[in-house]
Amino acid sequence: MFRLALRNLTRRRTRTSLTILGVAVAITFTIGLLSITEGFMNGFNMNAKERKEDIYVLPRGARGLGSPMLVSSGAEFSQKRVQDIGGVPNVETVYPFYTRQVYFGDGTGSLTESFFVLDGVTPDFLPDLRPSLEVEAGRLLEQDDHLGVVIGAEIARSVKLQVDQTLPLKVGGFELRILGILKSTGGLDDYIVYAPLQDVQLALDREGWVTGAAVTVKDPTMAEETADAITNLSSEELFGQTSEQIAGVVKNLMSMARAIHLSVASIALLIGVLFVLSTMLMAVSERTKEIGTMRAIGVGRITIFRLIVTESLITGVLAGGIGCLGGVGLSRLITWAIHRFAGAAFLQAVASPRLLGAGLLIAVLIGILSGLYPAWRITKTNIVEALRYE
Amino acid sequence: MNEVVVEARQLSKVYVMGGEEVRAVDGVDLEVRKGDFVSVMGPSGSGKTTLLNLIGCIDCPTSGAIRLDGQDTAGLKEVELDRLRMRRIGFVFQSFNLMPIMTALENVMFPMEMAGVSRKEQVKRATELLTWVGLPKRLHHKPRELSAGENQRVGIARALANSPSILLADEPTGNLDSKTTKEISLLFQRVNSEHGMTIMLITHNEAVAEVASRVLRMRDGRLVSDA
């Protein structure tokens with residue numbers, strides 16, 4: 001049965017190849033699109049697990065911002081507020097930070113030419129709030145460090161940097177020396193440059209200003225009330241948001257993106273189904289007389305039905321396989337494009353095994369579904385009429 | 001007296017075309033015995049093919065009964081009819097109806113494969129049959145690489161594959177030139193005499209009909225002579 005189905009598909013190689021290609025493109029497109037949200041969610045989830053802060057305090061202008069340590073809206077609030085925040089009941093410690101996206105350019109147009117995140121933090125920030133981060137080489141920031149940085153593993157790898165080298169990046173005319181390189185986490189921390197807060201403020205000429213503050217609380221069950229109390233300190237200037245609330249914002253954004261991607265992908269897949277369906281209808285119609293002959297010599301309807309569905313299933317599986325390979329390629333291309341044109345090296349499209357499995361499953365379903373109607377139709381045809389078919 | 005392979009009683013097939021009844025086969029009574037070589041003649045539209053289709057169980061009678069090897073086909077389910085056609089009936093078609101993607105050998109093996117015969121046995125029997133019909137060197141040729149006469153030989157070998165009780169041939173020489181027609185007619189005669197195969201063959205060609213042991217003539221759906 002399988003051999004016969006395979007041989008039937010090779011009768012019109014160009015048509016079969018084009019059909020497989022058409023569905024493969026639909027699968028590639030679907031995997032490519034969904035790999036964007038998959039990658040972003042993976043990165044975010046991995047990052048969220050490692051974070052110990054309970055509340056982020058952000059400038060008023062940054063409302064709705066997803067990831068305060070990664071994206072800066074440009075808004076700031078006075079560092080004097082940090083003390084006020086520290087005085088709010090239930091607040092344990094306040095870690096002010098200044099975040100700015102910085103551009104690494106070697107002028108070659110390579111992948112290393114990207115935006116990374118420069119986070120100005122206090123020395124206790126990494127040990128307290130990122131306890132899982134370990135250094136691969138060198139050390140973490142210390143109290144009296146000046147113009148020294150700790151960089152993420154991916155920055156070190158892509159820009160080929162080592163401890164004691166100078167960062168190929170001048171911030172406000174200052175040169176920053178690499179004190180330590182973090183072990184790879186596979187998450188967004190791999191793309192962050194941690195520097196002493198006062199150095200970043202000085203270099204950017206923003207002394208006395210911060211883009212946010214991470215806050216730990218004594219009683220996490222009261223985090224939301226504490227965040228509200230922080231907001232009430234000066235609701236014109238800043239607002240407090242719990243980590244869960246921020247995660248919710250990111251998840252909502254990702255869900256919306258996924259829904260949009262799924263809608264577009266569904267259209268592509270519908271076209272895939274119609275494509276295979278039309279090919280199978282044509283292929284089966286051309287073979288009406290042949291199928292009539294098979295029926296005349298005693299081949300049952302179910303066998304014919306299975307033969308046709310097997311043919312479309314093979315088409316689906318082959319298209320799925322090629323589509324998965326294409327999907328991996330497309331997700332890499334998207335990652336490259338994000339790095340190259342959006343300059344966001346910490347964002348990646350990920351064609352995970354789960355996504356590839358879903359792609360293959362969809363292709364198999366396309367194959368089966370598109371074979372059902374032609375198979376049903378041809379098996380309903382009267383044998384005498386089928387034999388007369390020209 | 002040989003056993004009866006086909007027995008038709010008051011067999012009728014009525015079509016409704018344009019609101020009018022057309023009696024394609026009209027009350028035919030017929031007996032074909034084992035080893036008979038029957039040719040069916042008659043003008044176009046006389047009901048020859050319809051009669052053959054009814055006997056071959058690829059069409060259902062409007063009324064009347066058919067018994068094949070003593071088995072009444074009327075009450076059989078579709079899968080039982082499929083099995084009956086596979087095991088007891090061999091079809092030979094005017095335009096050969098071979099599978100274009102298969103070689104001659106595979107075409108002959110195909111009915112056996114569908115009947116669940118082992119692959120080794122399929123190859124053995126298909127090779128024997130193709131050798132017997134005169135195509136020992138054409139086993140691995142596809143239909144498009146064979147002449148019309150050779151294709152019909154493959155068609156006959158395929159019809160014999162599952163050792164049926166009867167061979168039903170609908171104008172098997174209709175697409176052949178006169179020389180090949182004669183060769184194929186003689187081949188049918190050999191199938192009948194050497195295999196003892198019961199054959200029912202439709203033809204317009206008197207020369208083809210002459211090789212048969214019995215000639216039925218039809219007109220307007222009725223048997224008008226049996227000689």
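Structural data are supplied above this passage.
Every value quoted in this text rests on a predicted model; they were computed, and no experiment measured them. Residue numbers here run from 1 along each chain, matching the order of that chain's written sequence. Numbering of ligands from 1 and lettering of chains from A proceed in the order in which they are written. Local features are withheld for residues below a pLDDT of 70 in this predicted model, meaning they are given only at 70 or higher, and side-chain atom pairs are given and counted only at 80 or more; totals for whole chains, interfaces and linings count all residues. Only hydrogens and water are set aside when side-chain values are computed; all heavy atoms of the structure are taken into account.

Undergrad: Can you walk me through the pairing of strand β1 (residues 4-17) of chain B in this structure?
TA: Every regular strand shows the same layout, with side chains that alternate between the two sheet faces. All names here are of chain B. Two strands are counted as paired when DSSP detects at least two bridges linking them. To qualify as a helix, a DSSP run of H or I must reach at least 4 residues; to qualify as a strand, a run of E must reach at least 2; elements of each kind are numbered from the N terminus. Examined bridge by bridge, β1 and strand β2 (residues 20-33) share ten bridges and lie antiparallel to one another. Bridge pairing links Lys13 to Val25 in β2. Hairpin connection between β1 and β2: a loop of two residues separates the two successive antiparallel strands, and Gly18 in this loop has a positive phi of roughly 60°. Bridge count between β1 and strand β4 (residues 63-68): five bridges; the pairing is antiparallel. Its bridge partner lying in β4, Glu7 is registered against Arg67.

Undergrad: Got a minute to help me understand the sheet that holds strand β8 (residues 198-202) of chain B in this structure?
TA: Strand pairing in a sheet relies on backbone hydrogen bonds. The paired strands run either parallel or antiparallel. All names here are of chain B. Across the sheet, six strands lie side by side as β6-β7-β8-β3-β9-β10; this open sheet has mixed pairing. Each edge of the open sheet is held by one strand with a lone partner, namely β6 (89-92) and β10 (222-226). Between one strand axis and the next, the sheet turns through 20° on average, direction left out of account. Sheet analysis places strand β3 (residues 37-41) next to β8, joined by four bridges and oriented parallel. The residue of β8 that forms the bridge with Val38 is Met200. Across the sheet, helix α1 (residues 48-55) lies against β3, β6, β7 (166-170), β8 and β9 (214-219), angled at about 150° from β8, the strand it touches most. By definition, residues are in contact when any of their heavy atoms lie within 4.5 Å. Between N-to-C directions, angles cover 0 to 180 degrees, with each direction set by a line fitted to C-alpha atoms, over the stretch in contact for helices. Helix α6 (residues 178-195) contacts β3, β6, β7 and β8 of the sheet and is inclined by roughly 155° relative to β8.

Undergrad: Looking at this structure, how should I read the sheet that holds strand β5 (residues 71-72) of chain B?
TA: Residues and elements named next belong to chain B. Strand order in the open sheet formed by four strands is β2-β1-β4-β5, and the pairing between neighbours is antiparallel. At either margin of the open sheet sits one strand with a lone partner, and together these are β2 and β5. By the bridge criterion, two bridges tie β4 to β5 in an arrangement that is antiparallel. The partner of Leu68 across the bridge, within β5, is Gln71.

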